[in-house]
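Below are the chains, spelled out letter by letter.
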Amino acid sequence: MSLRSSDIDRIAHLARLQMPPAQAERMRTQLNDFFDIVEQMKAVDTTGVEPLAHPTAVIDHVALRLRPDVASEPNQREANQQSAPAVEHGLFLVPRVIE
Amino acid sequence: MSRSDLHEMGVAELAAAIADKSTSAVEAAQHLLARARAHASLGAYLAFNEEATLAQARAADARIAAGERGPLLGVPLAHKDIFVTRDFPTTAGSKMLEGYRSPFDATVVAKLAEAGTVTLGKLNCDEFAMGGSNENSAYGVARNPWDTARVPGGSSGGSAVAVAARLAPAVTGTDTGGSIRQPASFCNVTGIKPTYGRCSRYGMVAFASSLDQAGPMARSAADCAALLSVMAGPDIDRDSTSLDHPAEDYTRLLGQPREGARAERPLQGLRIGLPREFFGAGVAADVQGPVRAALAELEKLGATLVDISLPRTELAIPVYYIIAPAEASSNLSRYDGVKFGHRAAQYDDLIDMYKKSRSEGFGPEVQRRIMIGTYVLSHGYYDAYYLKAQQIRRLIAQDFQQAFTQCDLIAGPAAPTVAWKIGDKSDDPVANYLADIFTLPASLAGLPGMSVPAGFGDSGLPVGLQLIGNYFQEAALLQTAHAFQQATDWHTKSPEGF
């Protein structure tokens, strides 16, 4: 398997990254180098092996917890918005989405 | 009266000196702040807030004056810039978070503050903790005080530098694939990554959530134990992966011989497994030497060395570098230039704003990992890469359980080489990934691991001995490391000029 430049463009778009052609080409080479070492995974027989998404599954043999869906924090809108790039009347500003 | 030797003291010594009032928390903080500023060229610290530091120090002194005592009360330390802090900016080493101020403190930061520690500042790291050299920081390299032309390791590079150069007696770090153990090894520092889920991830800027784990770095196993006792413990409501296990006193076994052992052979009966795969041709001779000598020392203390195998060690590299980027690509999707973080100055529309903001805000390694992660999670590739990696992850975890039927602890080098020169690997991402081979397996399994100073290689650069325990065996790891440090003095060595 080898990634082509059209693959890089597609992945970059999915990842919401802008990549000028020279940078995309460099990325393509580096990703292909990386996927060369990924090849060895193919030889491993994983028939019937349950994927391990999370180590707590083997540490504690517990499923990930869920908590009740209730508000547990006080309203901290101002504090939470202090590092936002653009805010007006407590709302986050974004470019116009619907014409 | 001012004391000029305060930076020579470890955590326990400093706490005792502050408690018996031969110094004060304020004096210790001022001394270390001045020292940290004087050594700014090492690039260890990213932010100070002297006013906040001294306020914390005065509060600690007031607690002492009121008769309170505690193992960390008044002790100055510094946090990796991955932990969010109210009193200091938090950047995660990224331009994306330049100027970001958190409205809250990370749980680990808050727990240490309650114990009376005084925060000196925030420490440099690879961007979003992605890297093993600290060269991926947007705020410049951190330099290894043992040779300032070399990397300190990473991603907790600034943390390791601060301890090694005596700019802080102890620090926090985080370890996703080796980011505590490898820089500890490169800088002659002691560091421990506990069992996954021991320390709350609440307020740790997320990289790979099924791997990220906080831990202390200090000059000795005893000091690490004191810090970990405060840092660890359940945080059930705020971290869904925090383990529901009661907090422990990790110092409880220090200086105790193992059950049935005598004081002069305190490790009698301890079986230490040596994975064949950790001692192959890929390990530099000047790393093998000190590691073998350290193992011989552990034998003298009563331990038995056992030959074991971790057959999928090499596979840990592709498995980790699929899983961690996959999780990172998801975690880092929150940086959209809307709620916080960098936003581009010019853009055409919303998508363009996302793309420009993210491409300007993220450095090259972070972008590479987002690309890998996005690809392996994308339609048509998920099964072949992500799912397959998770299956092998389970096999790797099982290999460890198999090994632990033959031994109590596992030992080997923390890294295949000593610290490399700044710039030597910066153009070769895969070379960087391969260098993580010995720390990745325990990370994937969620096991506790540590690095203990074990001597020096050819060029006088530090070598760390890695110890890996089974789940929840932190106290036994620290007991073993402490016994080693009682018998050796490698951990007390400091670089010339510091």
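J.: Can you explain the layout of surface pockets? Please cite residues and give values.
T.: In this structure, the largest pocket occupies an estimated 1,100 Å³ of space. Lining the largest pocket are 36 residues, and of these B:Val84, B:Phe104, B:Tyr202, B:Gly203 and B:Arg334 lie nearest its centre. Of the residues that constitute the lining of the largest pocket, the class distribution is 15 nonpolar, 9 polar and 12 charged. Estimated volume of the second largest pocket: approximately 510 Å³. Around the second largest pocket, the lining is made up of 34 residues, and of these B:Asn136, B:Pro364, B:Glu365, B:Arg368 and B:Ser426 lie nearest the centre. Listed by contribution, the elements that provide at least two residues to the lining of the second largest pocket are helix H2 (21-38) of chain A together with helix H10 (350-361), helix H11 (364-376) and helix H13 (429-434) of chain B. Its residues assigned to classes, the lining of the second largest pocket comprises 10 nonpolar, 13 polar and 11 charged.

J.: Requested: an account of the side chain of B:Thr174, with residues and values cited.
T.: As for its placement among the helices and strands, B:Thr174 is situated in strand S4 (residues 170-175). Those residues within four positions of B:Thr174 in sequence are excluded, and the remaining contacts are B:Lys80, B:Ile82, B:Phe83, B:Ala129, B:Ser155, B:Ser156, B:Ser179, B:Ile180, B:Met204, B:Gln213 and B:Ala214.

J.: Which residues make up the pairing of strand S8 (residues 304-308) of chain B, and what are the values?
T.: Bridge analysis of strand S7 (residues 271-275) of chain B against S8(B) gives 5 bridges, and the strand direction is parallel. By the bridge assignment, B:Leu274 is partnered in S8(B) with B:Asp307.

J.: How would you explain the interface of chain A and chain B if you had to name every residue and give the values?
T.: Facing the 57 residues of chain A at the interface are 77 residues of chain B. Buried area between chain A and chain B, both sides added, is near 5,700 Å², and the carbon and sulfur share of it is 66%. Here A:Glu50 ties to B:Arg394 by a salt bridge, and the two come within 3.9 Å at their closest N and O atoms. Remark: the boundary between chain A and chain B carries 18 residue pairs in polar contact (both at pLDDT 80 or more).

J.: Give me the lowdown on helix H7 (residues 221-231) of chain B, citing residues and values where you can.
T.: Since the α-helix turns once every 3.6 residues, residues separated by three or four places project in the same direction. Residues and elements named next belong to chain B. Burial analysis of H7 places 9 of its 11 residues in the buried class, the great majority of the element. Within the sequence span of H7, burial applies to Ala-221, Asp-223, Cys-224, Ala-225, Ala-226, Leu-227, Leu-228, Val-230 and Met-231. Phi turns positive one or two residues past the end of H7, at Gly-233, with a value near 130°.

J.: Tell me about the side chain of B:His79, and please be specific about residues and values.
T.: Residue and element names in this part refer to chain B. For His-79, the position within the fold is in strand S2 (residues 76-80). Within polar-contact distance, the side chain of His-79 engages the side chain of Thr-172 at 3.1 Å. Setting aside residues up to four positions removed in sequence, His-79 forms contacts with Val-109, Leu-112, Thr-119, Gly-121, Lys-122, Leu-123 and Thr-172.

J.: Lay out the environment of B:Gln401 in plain terms, naming residues and giving numbers.
T.: Residue and element names in this part refer to chain B. Relative to the assigned elements, Gln-401 resides in helix H12 (residues 382-403). Those residues in contact with Gln-401, other than ones at most four positions away along the chain, are Leu-447, Asn-470 and Tyr-471. Within the structure, the side chain of Gln-401 is placed 3.0 Å from the side chain of Asn-470, a separation counted as a polar contact.

Thresholds, definitions, all that
Residues numbered from 1 in each chain as written. Chains lettered and ligands numbered in written order. Predicted model: local features only at pLDDT ≥ 70, side-chain atom pairs only at ≥ 80, totals over all residues. Heavy atoms only, no water. 1 Å grid on protein atoms, 1.4 Å probe; cavity = no way out; pocket = protein on both sides within 12 Å on 5 of 7 lines; lining within 4 Å. Points joined across faces, edges and corners; volume = space filled by probe spheres on them. Nonpolar A, V, L, I, M, F, W, Y, C, P; charged D, E, K, R; others polar. Helix = DSSP H or I, 4+ residues; strand = E, 2+ residues; numbered from the N terminus. Contact = heavy atoms within 4.5 Å. Pairing = 2+ DSSP bridges. Buried area = accessible area lost by both parts, 1.4 Å probe. Salt bridge = Lys/Arg side-chain N within 4 Å of Asp/Glu carboxyl O. Polar contact = N/O pair within 3.5 Å; in protein donor to acceptor, adjacent residues only side chain to side chain. Buried < 20%, exposed > 50% of the residue type's maximum accessible area, 1.4 Å probe, protein only.

In short, geometric facts, not functional conclusions.
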